[in-house]
Amino acid sequence: MNHITIYHNPDCGTSRNVLALIRNTGDEPIVIEYLKNPPDRATLQRLIAQMGMPVRDLLRRKGTPHDELGLDDPKWTDEQLIGFMLAHPILINRPVVETPLGTRLCRPSEVVLDILPRPQQGAFSKEDGEPVINAKGQRVARP
């Protein structure tokens, strides 16, 4: 079994689609509901470093206190922004997935396909009905 971890919000459609794509490989990931069990500072710093993305790119705006806290202000350092995410885990964009092939913020959900160690086992469509994987386990070309 491959070690796969998803930082998941079950209320998020994208997160549910990513979890289903992982399971469509036959793997059962470690599921961390990060709103109930937020990562600690060291884990969040490690994930950001592994993704190779600016801290600001992991901030979620919609449905969060982002604007109230003024997080667009360039005065905030990366460490301060991480502090805000730790204090308000809803600010962490999701889902973040860790596999032996890499760590990614999986938005859109198809991003997870690039880091899954095992192939898709069958057809898969997103919750909205958009086909992603065909019956042969191959990615469906987008028009």
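1. Let's talk about the environment of His66
- Within the secondary structure, His66 is located in the loop between α2 (41–51) and α3 (78–87).
- Counting along the chain gives 60 residues from His66 to Ile6, while the straight-line C-alpha distance between them is 23 Å.
- Setting aside chain neighbours within four positions, we find His66 in contact with Leu59, Arg60, Arg61, Leu71, Asp72 and Leu91.

2. Side note on the packing of α2 against α3
- The geometry of α2 relative to α3 is characterised by a closest axis approach of 10 Å and an angle of 120° between their N-to-C directions. The angle between α2 and α3 places the two elements in the oblique class. Considering how the two elements wind past one another, α2 and α3 form a crossing that is right-handed. Between α2 and α3, the residues in contact are Arg41, Leu44, Gln45 and Ile48 and Glu79, Ile82, Gly83, Met85 and Leu86, respectively.
- Its residues placed into classes, the contact of α2 with α3 shows five nonpolar, two polar and two charged.

3. Side note on the pairing of strand β1 (residues 5–8)
- Of the two faces of β1, the one lined by Thr5 and Tyr7 and the one lined by Ile6 and His8 are each fully buried.
- Note: β1 against strand β3 (residues 96–99), three bridges, orientation antiparallel. Each bridged residue has a counterpart across the sheet, and for Tyr7 the counterpart in β3 is Val96.

About the cut-offs
- Along every chain, residues carry numbers that run from 1 in the direction the sequence is written.
- For a predicted model such as this one, the threshold for reporting local features is a pLDDT of at least 70, and the threshold for listing and counting side-chain atom pairs is 80 or more; totals across whole chains, interfaces and linings nevertheless cover every residue.
- The side-chain values count all of the structure's non-hydrogen atoms but skip hydrogen atoms and water molecules.
- Secondary structure elements follow DSSP: runs of H or I no shorter than four residues count as helices, runs of E no shorter than two count as strands, and numbering proceeds from the N terminus.
- We call two residues in contact when some of their heavy atoms are within 4.5 Å.
- In this description, a line fitted to the C-alpha atoms serves as the axis of each element, helices being fitted only across the stretch in contact, and the angle between N-to-C directions of two axes falls anywhere from 0 to 180 degrees.
- An angle counts as roughly parallel when it lies under 35 degrees, as roughly antiparallel when it exceeds 145, as roughly perpendicular when it falls between 65 and 115, and as oblique in every other case.
- Crossing handedness is defined as follows: a turn of the near helix away from the far one that is anticlockwise and smaller than a right angle gives a left-handed crossing, while the clockwise case is right-handed.
- Ten residues, namely Ala, Val, Leu, Ile, Met, Phe, Trp, Tyr, Cys and Pro, are considered nonpolar, four, namely Asp, Glu, Lys and Arg, are considered charged, and the remaining ones, Gly among them, are considered polar.
- Remark: exposure states derive from per-residue accessible area (1.4 Å probe, protein chains only) relative to the maximum for the residue type, with buried under 20%, exposed over 50%, and partly exposed in between.
- Note: two strands are recorded as paired if DSSP finds a minimum of 2 bridges between them.

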